[in-house]
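A closer look at the structure
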Amino acid sequence: GENVEQHPSTLSVQEGDSAVIKCTYSDSASNYFPWYKQELGKRPQLIIDIRSNVGEKKDQRIAVTLNKTAKHFSLHITETQPEDSAVYFCAATLSGSARQLTFGSGTQLTVLP
Amino acid sequence: EAGVAQSPRYKIIEKRQSVAFWCNPISGHATLYWYQQILGQGPKLLIQFQNNGVVDDSQLPKDRFSAERLKGVDSTLKIQPAKLEDSAVYLCASSLEADRQETQYFGPGTRLLVL
């Protein structure tokens, strides 16, 4: 089955700086990679996703890059703000009838004012 | 649109007791998932339903956990008897069964503490 590793487990940045979180996956057949943000005590919420037919996707201050050859993908947050502080999870799955997401272990991002 | 609903939000029980969680997915979502999220870890899939059928329950500890989705809408997850290591947040998620509609929407979760 799929295995997803996520680094770092904790990340502190100054407000306005960029933050990068990296994930690797094991199943070369995986083709859908969402990122979820989970604030303390709240539900995970999808913030961006990417499919394997593209290498990069951007949505305002958030971008995700995918390297299929190396089997890794990264979340980039620019101009970080205190409200970006949360736990971020990457996930991977094979698109299709199963669609079982395998999650990484999470990154606690703290944006220092 | 209304989101995924779960109840109760919190539950404290003693080991060897039984507990049940309820989930109501987003209207029209055919696929329903139950995840277990242990503190400090990512969600781990327990079981996936497609309408009222089980797609995958390979990671469900079937000696103590059971789940059903009898009418293809609401679902219940039961633990009987509970163990200390079952303390976690149980998340329900749903997705629209359509081509390339992989987005899973999560409920607020039920936080279980087993003493």
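Residues numbered from 1 in each chain as written. Chains lettered and ligands numbered in written order. Predicted model: local features only at pLDDT ≥ 70, side-chain atom pairs only at ≥ 80, totals over all residues. Heavy atoms only, no water.

**With respect to the packing of aromatic side chains**
Counted under the stated rule, the structure contains 13 aromatic pairs over all chains. Grouped by ring-pair contacts, the aromatic residues Tyr36, Phe89 and Phe103 of chain A together with Tyr33, Tyr35 and Phe106 of chain B constitute a single cluster. (Phe/Tyr/Trp six-rings, centres within 6.5 Å; stacked < 30°, edge-to-face > 60°.)

**Some words on the nonpolar core**
Ranked by size, the top nonpolar core spans 24 residues in total, and within it Trp35, Phe73, Leu75, Tyr88 and Leu109 of chain A carry the most contacts. Those elements that provide at least two residues to this core are strand S2 (10–14), strand S3 (19–25), strand S4 (32–38), strand S5 (45–51), strand S7 (62–67), strand S8 (72–77), strand S9 (86–92) and strand S11 (107–112) of chain A. Leaving out residues up to four positions away in the same chain, phenylalanine 73 of chain A has contacts with Ile21, Lys22, Cys23, Tyr25, Phe33, Trp35, Thr65, Leu66, Cys90 and Ala91 of chain A. Counting residues in each nonpolar core, the second largest holds 21 residues, with Cys23, Trp34, Ile47 and Ile79 of chain B among its members. (Core = buried A, V, L, I, M, F, W, Y, C linked by side-chain atoms within 4.5 Å. Buried < 20%, exposed > 50% of the residue type's maximum accessible area, 1.4 Å probe, protein only. Helix = DSSP H or I, 4+ residues; strand = E, 2+ residues; numbered from the N terminus. Contact = heavy atoms within 4.5 Å.)

**Remarks on the sheet that holds strand S7 (residues 65–68) of chain B**
Two pairing modes exist for strands in a sheet, parallel and antiparallel, and in both the strands are linked by backbone hydrogen bonds. All names here are of chain B. Ordered in space as S1-S3-S8-S7, the four strands form an open sheet in which the pairing is antiparallel. Looking at the sheet topology across the chains shown, the edges are occupied by strand S1 (5–7) and S7. Here the strands of the sheet are splayed against their neighbours by 15° on average, with no regard to which way each runs. (Pairing = 2+ DSSP bridges. Axes fitted to C-alpha atoms, helices over the stretch in contact; angles between N-to-C directions.)

**Description of the sheet that holds S7 of chain A**
Residue and element names in this part refer to chain A. Read across the open sheet, the five strands follow the order S1-S3-S8-S7-S6; overall the sheet is antiparallel. Edge strands, defined here as strands with exactly one partner in the open sheet, are strand S1 (4–7) and strand S6 (56–59). With strand direction ignored, the average angle separating the axes of adjacent strands in the sheet is 15°. Pairing between S7 and S8: six bridges, direction antiparallel. From the neighbouring strand, isoleucine 62 faces S8, where its bridge partner is isoleucine 77.

Limitation: the analysis is restricted to geometry and does not speak to function.
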